[in-house]
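For reference, the chains in residue letters:
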Amino acid sequence: MPLGHRPHLKALCQRASSSCGACCGLYNREDHGESAVRERLDARTDALALLPRTPEAFRAAAERIAAAEPPPVFPSVRVCPLLGWIDGERTRAGCLAHPAVTGGPDLRDQGVYDASTCESFLCPSHSWLTEEEAEIVDFTCGDTWLYGLVVTDVPFVRAALDAVGALCGARLERRHLERAAVREGLWRLFALKEELEPGSEGLFGAFRPGADGEPAPRRIDYVSMGREGSPWDAILLCVGADPRSGNDLDRMEGEVRARLEACARAVASASPVRPPDAWSRSCRR
Ligand code: SF4
Ligand code: SF4
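Everything quoted here is computed from the prediction, not taken from an experiment.

## Structural notes on the overall build of the protein chain
Then, in step 1: Along its length, the protein chain carries eleven helices and four strands.
Then, in step 2: Counting all 285 residues of the protein chain, 50% fall into the buried class.
Then, in step 3: When contacts within the protein chain are restricted to residue pairs at least 6 apart in sequence, long-range pairs at least 24 apart make up 67% of them.
Then, in step 4: Looking at the protein chain as shown, the accessible area adds up to about 12900 Å², and 55% of this sits on carbon and sulfur atoms.

## Overview of the confidence of the model for the protein chain
Then, in step 1: On average, residues of the protein chain score 85 in pLDDT, and 81% of them are at 70 or above.
Then, in step 2: The model gives residues 4–9 a pLDDT under 50, and that stretch makes nine contacts with residues more than four places away or in other chains.
Then, in step 3: Per-residue pLDDT stays below 50 along residues 271–285; that stretch engages in 30 contacts with residues further than four places along the chain or on separate chains.

## Remarks on the site of ligand 1
Then, in step 1: Contacts to ligand 1 come from nine residues, most closely from Leu12, Cys13, Cys20, Cys23 and Cys123.
Then, in step 2: Taken together, the residues of the shell around ligand 1 break down into seven nonpolar, two polar and no charged.

## Remarks on the pattern of salt bridges
Then, in step 1: Enumeration over the complete set of coordinates arrives at 19 salt bridges.
Then, in step 2: For aspartate 153, the salt bridge identified is with lysine 193, shortest N-O distance 2.6 Å. Of this pair, aspartate 153 sits in the loop between helix H7 (146–151) and helix H8 (154–168) while lysine 193 sits in the loop between helix H9 (180–190) and strand S3 (207–209), and the two are 40 residues apart along the sequence.
Then, in step 3: Accessibility expressed as a relative area gives 1% for lysine 193, which makes it buried.
Then, in step 4: Through salt bridges with shared partners, a single ionic network connects Arg15, Glu131, Glu135, Arg174 and Glu178.

## Overview of helix H6 (residues 131–141)
Then, in step 1: Among the eleven residues of H6, eight are classified as buried, and the element is accordingly described as predominantly covered.
Then, in step 2: Taken together, the buried positions of H6 are occupied by Glu133, Ala134, Ile136, Val137, Asp138, Phe139, Thr140 and Cys141.
Then, in step 3: Close packing links the buried residues of H6 with helix H5 (125–128), H7, H8 and H9.
Then, in step 4: Among the residues trailing H6, glycine 142 stands out with phi positive, at a value near 60°.

Definitions and limits used
Residues numbered from 1 in each chain as written. Chains lettered and ligands numbered in written order. Predicted model: local features only at pLDDT ≥ 70, side-chain atom pairs only at ≥ 80, totals over all residues. Heavy atoms only, no water. Helix = DSSP H or I, 4+ residues; strand = E, 2+ residues; numbered from the N terminus. Buried < 20%, exposed > 50% of the residue type's maximum accessible area, 1.4 Å probe, protein only. Contact = heavy atoms within 4.5 Å. Areas by Shrake-Rupley, 256 points an atom, 1.4 Å probe, with all protein chains shown as cover. pLDDT = per-residue confidence, 0-100. Near = heavy atom within 4 Å. Nonpolar A, V, L, I, M, F, W, Y, C, P; charged D, E, K, R; others polar. Salt bridge = Lys/Arg side-chain N within 4 Å of Asp/Glu carboxyl O.

Put into structure tokens, the structure is as follows:
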């Protein structure tokens, strides 16, 4: 899945600045905070690093890794122990069983699916996101954590871009992100996904685990909180901004409003363009 399985177009799995492993189960654990995810990817990468590139060795290692990890939140979304870091700097999540990573043998049959499933699967975002929207998410996130949370939640991306556009009076475009302040403003809006309470359903977009383990649609029960609704409902729903999803509605709504307004101000301002390589994760906090 996440490594170059769509050579005919710019797949979402490995982009210029970001990578995703969501469909290999990257976030499908109760603790899906960034440090927990990084720890798991570290452990798997270390466990597989020195193994012979054989089906037997990878199958046994996959079983050991899986047995050491906690259970999934969504049982229907499998968590593959062969997802790890595919670059030496450990900045890109990807398939450690892919031939391009093993140096020859295709060992994806030893994961939770089979190689042909891994090769052919494309998540729905590939059908729904435009290339420009994908570029915006990649360029704004530029990592292997927030990117996967955002790029797989098309309603959230659309709601965020629509809301910024409504405030600005014009749609936010990729060219606007050349301005560092705009990029930072949009990053802060997207980063709502990083700041949810542990275990929040908002990490999975506008869905929750259904009784059968399949994702089920959610909605915010404003009436039970004495509210009629919110102008930012589309965003709030995607981040799970209600107590049942583990987050405080008023606080989240205030954050959404403040971040939208900051982003819109940045679009409207005439701040000078900063080159992309001056942009690092450390300066976005
Ligand atoms: S969830 Fe989508 S973008 Fe992410 S790795 Fe899977 S197919 Fe690629
Ligand atoms: S083998 Fe595992 S990590 Fe690799 S693409 Fe398939 S599911 Fe993802």
